[in-house]
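Coordinate analysis (summary)
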Amino acid sequence: MASTAVSDTHDWLSEDARRRVRRRHAADLRMRLYGLAAIGLAVGLLAVLLGSLVISGHSAFVQTKVPLQVFIDPAQVKPDNVGSGNYRKLVRDAFRDLLPGEMGRTEERSYLDMLSSGAPFLLRDRVLADPSLIGQTVTVNAPLADPIDQFHKGVTPRDVPEDQRRVSDLQIGYYDQLMERGLISAPFNWALFTAADSRFPELAGLAGALVGSFYALLVCFLISFPVGIAAAIYLEEFARKNRISDLIEVNINNLAAVPSVVFGLLGLAVFLGFFGLPRSAPLVGGMVLSLMTLPTIIIATRAALKAVPPSIREAAFGIGASRHQVVTHHVLPLAMPGILTGTIIGLAQALGETAPLLLIGMNAFITSEPGGLTDPATALPTQIFIWADSPERGFVARTSAAILVLIGFLVVMNAIAIFLRQRLERKW
């Protein structure tokens, strides 16, 4: 026995044993380094993505404007027909007054082209909201046209030949005069969040897309949350384990992996084609997104129900509770943190979906916010798609800015899911 113990000790202390131990330690170190390298690569790529978006989209959060003192002439805006007034002349005359002096017809046309073509609509909206402004002088912070806006932000360089930029040398001269007088400023662009889409980049905003996304997610939540939880409770707590339940479970797992464009085709064929629901409506978009979100919520809810210890059920049965009481009074409240986490993650995924919304027409040019679930609307992902396809230079920055806004909402929703999980989760 003693000789055997000495032999075993000798084997553990041998050079071959030490070599094997060193190899295991080296393999462990390589595994840790591989993991750190993978995390570093992921963080680096994410930083590159966010950095490129910030660099290209930060200019959209400010807007080049000029203050105009506009006299609302009753001869140009009739009190009995406010909507059809000659607001274009009023705004252009006020802009012309900023640089008094003689101008030829060509010079004046070039100078007036520096003002946004959408500026008269801003004045019209103010007068429509308050007709008592007729006959008064009001201050309008009018946006400059997109070429001047890009020039002020440094996107369009000054030191290139005139034929290689959209701003003429004459306009640069007028721009310098306005700058010397301190008339040009670049405040925060609140219109990016309060205005709807426009064909003028300097006026385009995300308000319509934000409202459309809210309505679509609201419909998605109202459908997928109760239906998903009810289906998960039945499959996990009440359904008999047989071939039919196994088939349903397999199909639910398969639906979670189906590409979102398939759900868009289903919505196009059923909701629009068969039921005749309105096209481009948040109601249809929410129904399509709910079909896509249902498998995720069902899977997350079943996992949360399985995580509840069996002792909770056994104790409830032991004091005479029915199966319904066990589920509703004991199991479901304890599983609710996991259910809410899965629901929020599913809604965050639905918020970023583009393909199903494109197929049901939520990429139309809508210049106003939707007033209800059946009004035409866009969503944040489809608005990004629309702007990315626009040729104007100003929409490039707005596309990146819209992506940053969308990422912000996704981060907030995932942060809420993490907070609820950590705050409400119970450990046994």
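The preceding data block contains the structure.
Summarised in this report is the structure supplied together with it. The residue numbering used here restarts from 1 in each chain and proceeds along that chain's sequence as written. Where totals are concerned, whole chains, interfaces and linings use all residues; where local detail is concerned, this predicted model gives features only for residues with pLDDT of at least 70, and gives and counts side-chain atom pairs only at 80 or more. Note that the side-chain values use all heavy atoms of the structure and ignore hydrogens as well as water.

**Brief notes about the packing of aromatic side chains**
Remark: the centre distance and the inter-plane angle together describe each pair of aromatic rings, the angle taken between the planes. Think of it this way: a Phe, Tyr or Trp ring, Trp meaning its six-membered ring, pairs with another when their centres are within 6.5 Å, and the plane angle makes it stacked under 30 degrees, edge-to-face over 60, tilted otherwise. Throughout the structure, instances matching the rule amount to 11 aromatic pairs. When the centroid spacing of 4.4 Å and the interplanar angle of 5 degrees are considered together, the rings of phenylalanine 95 and tyrosine 111 count as stacked. Separated by 16 residues along the polypeptide, phenylalanine 95 in helix H3 (residues 87-96) and tyrosine 111 in helix H4 (residues 105-112) bring together distant segments of the chain. You'll find phenylalanine 95 and tyrosine 111 in the same group, each marked buried. An aromatic cluster is built from Phe61, Phe188, Trp190 and Phe193, whose rings are joined through pairwise contacts. The helix and strand labels rest on DSSP assignments: H or I over at least four residues marks a helix, E over at least two residues marks a strand, and numbering proceeds from the N terminus. Remark: exposure states derive from per-residue accessible area (1.4 Å probe, protein chains only) relative to the maximum for the residue type, with buried under 20%, exposed over 50%, and partly exposed in between.

**So, the pattern of salt bridges**
The salt bridge criterion pairs a side-chain nitrogen of Lys or Arg with a carboxyl oxygen of Asp or Glu, the two atoms within 4 Å. Tallied over the full model, the rule gives 12 salt bridges. The closest approach of N and O atoms between arginine 20 and aspartate 16, which form a salt bridge, is 2.2 Å. You can see arginine 20 and its partner aspartate 16 sitting in helix H2 (residues 15-57), 4 residues apart, about one turn around the helix. Since its relative accessible area comes to 37%, arginine 20 is described here as partly exposed. A salt bridge links arginine 302 to glutamate 249; its shortest N-O distance comes to 3.7 Å.

**A closer look at the nonpolar core**
Nine residue types can take part in a nonpolar core, namely buried Ala, Val, Leu, Ile, Met, Phe, Trp, Tyr and Cys, and a core is a set of them joined through side-chain atoms within 4.5 Å. With 42 residues, the main nonpolar core has Leu206, Val284, Leu289, Ile360 and Trp387 as its most contacted residues. Elements supplying a minimum of two residues to this core: helix H9 (207-238), helix H11 (260-274), helix H12 (282-307), helix H14 (323-351), helix H16 (380-388) and helix H17 (394-424). Counting residues per element, this core draws most heavily on H17, at 9 residues. Not counting the four nearest positions on each side in its chain, isoleucine 360 is found in contact with Gly264, Gly267, Leu268, Leu272, Arg279, Ser280, Val284, Gly285 and Val288. Counting 36 residues, the second largest nonpolar core, distinct from the first, contains Val77, Leu112, Val140 and Ile172. Any two residues whose heavy atoms approach within 4.5 Å are treated as being in contact.

**Here's the deal with unusual backbone geometry**
Positive phi is not limited to glycine here, since serine 280 has a value of about 65 degrees. Mapped onto the elements, serine 280 comes out in the loop between H11 and H12.

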